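Take a look at the letters that make up each chain.
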Amino acid sequence: MSKLIIRGGRPIKGKLAVHGAKNAVLPILAASILCDDGVSVIHNCPNLRDVTITIEILRYLGARVTRAGDTITIDARRRIEGHIPPYLMQQLRSSIVFMGAIAARSRKAKISMPGGCELGPRPIDLHIKALRDLGCDIKEKRDYLYVNSRHLKSTTLTLTFPSVGATENIMLAACLAEGITIAKNVAQEPEIIDLANFLNAMGANIRGAGTNCIEIEGVKHLHAADYTIMPDRIAAITYLCCAAATKGSIELTHIVPEHLETALSLLAQCGCRVEVRNNTVLLEAPETLSAPPEIVTAPYPGFPTDAQSLFLALLTLAEGTSTIRETIFESRFRPAAELAKMGASIALCQNCATVTGVAGLQGAPVAATDLRGGAALVIAALAAEGTTEIENICYIDRGYDRLAENLSLLGADIKRI
Ligand code: UD1
C-alpha cells in the first residue's frame, strides 16, 4: 500500500496548470457510447484511478478505447452491451451515469447497483424516478437494475433535489428520446454545462445547461466529436488552499475564474490576496489566516461540498472560530478525527463543525477517509511541523493527477512510498 510522507513547514510557491476535471470527464466518457458512427476524441483527461475504471467499463461494454497522454479516443461503433458487472460498477459512484447512456444507446441494460461510498448513503432514487419519467421500465432485483428503454419518450419532470448525477442521466437519456424534455430544478454545476457542450458537439440539442431548467430536444442520431474537458475546479481550490495554509504564493493557470467564485471570496476573507487575470489566479497567503465566521455548503453556485474538507483543514490554522455547515453529504466530516491527531481543534455536532484555529499543527500518522478528506490531510501536513504519514492514498488518487509531483515542484517535501 502506497503512502505519502510529507515533511511540513515549507511554503508552496510557484506556478501550476490545473488538470482536467474528474467530475466532467467521467460523464463525458459515458456519453461517448451514444455515438455509433465515428470516433470521439477527448482531450485534457486527467490521469486518475476513476478515469481508468471508466475506461475499463467502456471496454467491457464493447467500445475500443485508447489513451495517449491526456487524450482518450473512443470508438463505440460496434455493438454496445447493456451489462455492467458489480466489480466495475462498485468501484466508483459515478458509474451510475452509464444507466442513462446505456438506456439511450442499447435500450436494454442490466447493471449492478453502484457501490456504497465513503460519504455515507448515496441513494439513486432520483435517477430511477427521472428515467422512469422518460419511459424507462426499471426493475430492481437483488443487486441489479434491469432497464428496458425501448420506448424512451420526452417528458416534463422536476427533480426534488438538484442532483448532479441525476441531471446527467436525464440529459444522456433524453437527448435521443423523441420530442422535447423539460427538466426542472436540475443541477447547475459547471460539469453539467461541460456534458451538455459535449453532447451538443455530438449533434444533441440541449438548451439551458447551467440554469435550473434544461430543455432537451431529442435527435435521432449523434455523431463523433472532438472535445476538451474543462479545468478541475476542486483541484484548483486544493492547490490554492495548499499555498494559503503554508504562507505561500501560487499562480494557477488553466482555470475558469467564475467556477471558483465562492472559494476565492472565502480565501480573501481568510486574509489571502487573490487576483484573477483571464484564466489565471494568483494567491498570496497572509502571515496569519483569519477565520471566516460561517461556511455553508450548497449546490452550485453555492459553496461546493467537495471543497468543504479542504477549508476544514485550512481553518484549523486560522485565527478565530468558524462554523462549517454541511448540507449535501452527511459523512463529510470524517477527516476531522484525523486532523485532530495533528492538533486541530474541531467540535462536531450533527452536520456542523466548529473549528477553532490553533497556532500550529504537528505531523502525525493519519489515514485518508475519502478523496477530498485525503486532500485535506495533505494541506494540513504541508503546514504542520514535522513529518506526516498519510495512508489510504488510493482515495486521493481518485481525483488528483500527479499531486505529489506537482507539490514537490512547488517546493513541498513530499514523497510517495
Ligand atoms: C457529484 C460529484 C461529487 C459532488 C456532488 C455534489 C461526480 C462524479 N461527483 O456527485 O463530487 O460532491 O455531485 O456536488 O460528479 N441524492 C439522493 N438521491 C439520488 C441522488 C442524490 O438523495 O438519487 C442526494 C445525495 O445523497 C446527496 C445529494 O443528493 O445528499 C447530492 O448528490 P448528487 O448531486 O447526486 O451527487 P453526485 O452526482 O453523486
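What you see is a predicted model, and the numbers here were worked out from it, not measured in a lab. (Residues numbered from 1 in each chain as written. Predicted model: local features only at pLDDT ≥ 70, side-chain atom pairs only at ≥ 80, totals over all residues. Heavy atoms only, no water.)

A. Geometry of the layout of surface pockets. The space that makes up the largest pocket amounts to roughly 1,200 Å³. In terms of lining residues, the largest pocket is bounded by 48 residues, among which Arg93, Arg122, Val164, Gly165 and Phe329 are the most central. Residue assignment for the lining of the largest pocket shows that the elements contributing at least two residues are α1 (22-31), α5 (125-133), α6 (164-174), α8 (233-245) and α12 (371-383). For the lining of the largest pocket, the element with the most residues is α1, which contributes four residues. For the lining of the largest pocket, the per-class residue count stands at 22 nonpolar, eight polar and 18 charged. Here the lining of the largest pocket spans two domains, since at least three of its residues come from each of domain 1 (4-18 + 231-416) and domain 2 (22-228). The computed volume of the second largest pocket comes to approximately 340 Å³. What lines the second largest pocket is a set of 20 residues, among which Ala245, Lys247, Leu317, Ala359 and Ala383 lie closest to the centre. When contributions to the lining of the second largest pocket are tallied by element, the ones reaching two or more residues are α8 and α12. (1 Å grid on protein atoms, 1.4 Å probe; cavity = no way out; pocket = protein on both sides within 12 Å on 5 of 7 lines; lining within 4 Å. Points joined across faces, edges and corners; volume = space filled by probe spheres on them. Helix = DSSP H or I, 4+ residues; strand = E, 2+ residues; numbered from the N terminus. Nonpolar A, V, L, I, M, F, W, Y, C, P; charged D, E, K, R; others polar. Domains from an automatic or database assignment.)

B. Seen up close, the sheet that holds strand β2 (residues 13-17). Spatially, β2-β15-β17-β16 is the arrangement adopted by the four strands of the open sheet, whose pairing is mixed. Because the sheet does not close on itself, it has two edges, and the strands there are β2 and β16 (273-277). Across the sheet, the mean angle from the axis of one strand to that of its neighbour is 10 degrees, orientation sign disregarded. Inspection of the sheet shows β2 paired to strand β15 (residues 249-253) by five bridges, in the parallel sense. Directly across from Gly14, in β15, lies its bridge partner Ile250. The strands that helix α9 (residues 261-269) touches are β16 and β17 (280-284); relative to β16, the one it contacts most, it runs at about 145 degrees. (Pairing = 2+ DSSP bridges. Axes fitted to C-alpha atoms, helices over the stretch in contact; angles between N-to-C directions. Contact = heavy atoms within 4.5 Å.)

C. Summary view of the pattern of salt bridges. Overall, the coordinates contain 19 salt bridges when judged by the stated rule. For Arg79, the salt bridge identified is with Glu81, shortest N-O distance 3.4 Å. Between Arg277 and Glu275 there is a salt bridge, and its shortest N-O distance comes to 2.9 Å. Given the relative accessible area of 45%, Arg277 is considered partly exposed. (Salt bridge = Lys/Arg side-chain N within 4 Å of Asp/Glu carboxyl O. Buried < 20%, exposed > 50% of the residue type's maximum accessible area, 1.4 Å probe, protein only.)

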